[in-house]
Amino acid sequence: MMYRFAVFVIQLLLLIIALTFIFTNPFIISLDIGSLKYSFSSNLFAVALISFTFLLYLTLYLFFRSRFSLSKYLLKKKYNKIEKGYLYFIDAMIAIANKDNKTALKSHKKMNSYLKDDPSLSLLLKSEVLKIEKKYPELNNVYEDMIKSKKTETLGYRGLMEQNLRNHDYHHAFLYGEKLFSINPNIEKLYDTLIFIAAKTKNWNQVIFLSDKAFSNKIIDKNNLNENKSIGFYEIAKIKYDSDIKDALKNISKALDLKKNFPPYIKLHLEINANLNDKRYLKKLIKKYWTINPSSLLRSIIIKILNDNNLTDMNFINEIIKNNISEEESKKLLIYFAIKNLKWDIARENIIGMIGSNPSKDICYFMSDIELGENNDKQKSDAWLMRAENAKLENTWICRITNQPQEEWSSLSNSGNYNSLVWSSPMMIRQNSN
């Protein structure tokens, strides 16, 4: 600051010295213009130059000052106009929240008169009003206008996706959703919605593709990635089962790599291998899966595979359970085939200690078969059947969203929900819902 002041003082002094020198040492200035000759004092020229410079400075000062004042006035007027527009927008949104359509429409109209240069807010507000009024054809037109602008295209695509979902037009819903996903994959629940649509339309390759893209964008974790991709490969394997058995085997193997030992996948894997008529390998797979994780669900799957492929010999059954013979499910598997092969002594020997005071339905049914088959005692057999009716409910597949049970697992439950089935007791689900 002091430096600038010093420079100014020095410049002012130099100017005063120069002017003093000019005025104290006047001289004649002559100009020849054509045939005319003009002569005047240097003092007069200096006064004229100083006067001209001062007038020029004054003119420029007044010009720029008035210009900036006018710009400031116009800018303030513009901001006041925008502010009023936003206030009417807020009023309209509050009216929409209160379902006061009349006030919303009135505020929307006033907002448009103040925000003519910003149609995005108008479109947004108009879409909300039309939603409340359920004017869906007009709403579609608004969404179509939205996708023409970078500011509102995501709102437009989302609106069109939701509109088509409401109309159960899953094909167009997916097209708009896919476009939205390419613009901004991080929109909340967009990935889940697209996976649901892809599942509804059986577009399993898209389930795999979208899952990979969502994982790369850190929308889902590794577990969700593997879960959804495994479903995609499983469903492709089911489709390929009748047309390309080797491709079906390739896809179900991928599914099992991603979600190991999942019984529904094991079931399809065993069915495909059974269809290939390689019983030696089929027997190897059965023993492998039972050794890894014996369970009631896997037991029902393996029983069906063994029955369908005439692999019910007791020697093979003993091979299956040899690594976990003390497990309850292994004993149940042995008892089932002992009854089937009329080996009553093996059935009774293994069921001892499993009855207890509150036997399961399985044990009651086994005892009913044993009493009828071994002793032809219908009375005791019927008594065990009655006892089975009062036994606790067995686990089954239940939709965790609707609590509806179903016998077979499917990627879409019978109630239409994606990957919602859990293996649980119906009683437990009812208690949890209460």
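Our subject in this report is the structure included herewith. (Residues numbered from 1 in each chain as written. Predicted model: local features only at pLDDT ≥ 70, side-chain atom pairs only at ≥ 80, totals over all residues. Heavy atoms only, no water.)

**Describing the environment of aspartate 313**
- As for its position among the elements, aspartate 313 is in the loop between α14 (296-308) and α15 (314-321).
- The partly exposed category is assigned to aspartate 313, whose relative accessible area is 45%.
- For the pair aspartate 313 and asparagine 341, spaced 28 residues apart in the sequence, the C-alpha separation amounts to 7.9 Å.
- Only 3.0 Å separates the side chain of aspartate 313 from the backbone nitrogen of asparagine 315, close enough to count as a polar contact. (Helix = DSSP H or I, 4+ residues; strand = E, 2+ residues; numbered from the N terminus. Buried < 20%, exposed > 50% of the residue type's maximum accessible area, 1.4 Å probe, protein only. Polar contact = N/O pair within 3.5 Å; in protein donor to acceptor, adjacent residues only side chain to side chain.)

**Quick word on the nonpolar core**
- Core analysis: the largest hydrophobic core is formed by 89 residues, its most contacted members being Ile252, Tyr265, Leu270, Ile286, Leu306, Ile320 and Trp409.
- Setting aside chain neighbours within four positions, we find leucine 270 in contact with Leu282, Leu285, Ile286, Tyr289, Ile301, Ile302 and Ile305. (Core = buried A, V, L, I, M, F, W, Y, C linked by side-chain atoms within 4.5 Å. Contact = heavy atoms within 4.5 Å.)

**Quick look at the pairing of strand β3 (residues 396-399)**
- Burial along β3 is two-sided: Thr396 and Ile398 facing one way and Trp397 and Cys399 facing the other are all buried.
- Alignment of β3 against strand β5 (residues 421-424), held across 4 bridges, turns out to be antiparallel. Bridge pairing in β5 links isoleucine 398 to valine 422.
- Relative to strand β4 (residues 405-406), β3 runs antiparallel, the two being bridged by 2 bridges. For tryptophan 397, the partnering residue across the bridge sits in β4 and is glutamine 406.
- Between β3 and β4, which follow one another and run antiparallel, lie 5 residues, and asparagine 403 among them has a positive phi close to 65°. (Pairing = 2+ DSSP bridges.)

**Side note on helix α5 (residues 136-146)**
- Within α5, burial applies to Leu139, Val142, Tyr143 and Met146. For α5, the arc enclosing every buried residue in end-on projection is 100°, short of the 170-degree limit, so these residues lie on one face.
- Of the surrounding elements, those touching the buried residues of α5 are α4 (119-133) and α6 (153-166). (Arc of directions from axis to C-beta.)

**A short note on the packing of aromatic side chains**
- According to the stated counting rule, one finds 10 aromatic pairs in the structure shown.
- Ring plane angle 90° and centroid distance 5.3 Å describe the contact between phenylalanine 262 and tryptophan 409, whose orientation is recorded as edge-to-face. Of the two residues, phenylalanine 262 sits in the loop between α11 (245-258) and α12 (263-275) while tryptophan 409 sits in the loop between β4 and β5, which places them 147 residues apart along the sequence.
- For phenylalanine 262, a relative accessible area of 11% gives the class buried.
- Relative accessible area serves as the criterion here: at 6%, tryptophan 409 is assigned to the buried category. (Phe/Tyr/Trp six-rings, centres within 6.5 Å; stacked < 30°, edge-to-face > 60°.)

**Examining a positive patch on the surface**
- A cluster of basic residues, Lys260, Arg280, Lys284 and Lys288, forms a positive patch on the protein surface.
- Along the chain, the position of lysine 260 falls in the loop between α11 and α12.
- Its relative accessible area of 60% is what places lysine 260 among the exposed residues. (Patch = residues over 30% accessible without salt bridge, like charges linked within 9 Å, V, L, I, M, F, W, Y side chains within 5 Å. Areas by Shrake-Rupley, 256 points an atom, 1.4 Å probe, with all protein chains shown as cover. Salt bridge = Lys/Arg side-chain N within 4 Å of Asp/Glu carboxyl O. Lys, Arg positive; Asp, Glu negative; His and termini not counted. Charge placed at Lys NZ, Arg CZ, Asp CG, Glu CD.)

**So, the sheet that holds β4**
- The sheet built from 3 strands is open, its strands ordered β4-β3-β5 with antiparallel pairing. At either margin of the open sheet sits one strand with a lone partner, and together these are β4 and β5.

**Looking at the packing of α5 against α6**
- Packing of α5 against α6 leaves a shortest axis separation of 7 Å and a crossing angle of 150°. Between α5 and α6 lies a crossing whose hand is left-handed. Facing α5, whose interface residues are Tyr136, Leu139, Asn140, Tyr143, Glu144 and Met146, α6 presents Glu153, Leu155, Gly156, Gly159, Leu160, Gln163 and Arg166.
- Residue composition of the contact of α5 with α6, grouped by class: 6 nonpolar, 4 polar and 3 charged. (Axes fitted to C-alpha atoms, helices over the stretch in contact; angles between N-to-C directions. Left-handed = near helix turned anticlockwise from the far one by under 90°. Nonpolar A, V, L, I, M, F, W, Y, C, P; charged D, E, K, R; others polar.)

**Considering α11**
- Compared with an ideal rise of 1.5 Å per residue, which puts 14 residues at 20 Å, α11 spans 20 Å between its outermost C-alpha atoms and is within 8% of the ideal.
- Within the span of α11, buried status applies to Ile245, Ala248, Asn251, Ile252, Ala255 and Leu256. Looking straight down α11, one finds its buried side chains confined to an arc of 140°; they lie on one side. For α11, the exposed residues set more than 90 degrees away from the buried face come down to Lys246, Lys250 and Asp257.
- Buried positions along α11 lie against α10 (222-240), α12 and α13 (279-292). (Expected span 1.5 Å × (residues − 1).)

Function cannot be inferred from these measures alone, as they are strictly geometric.
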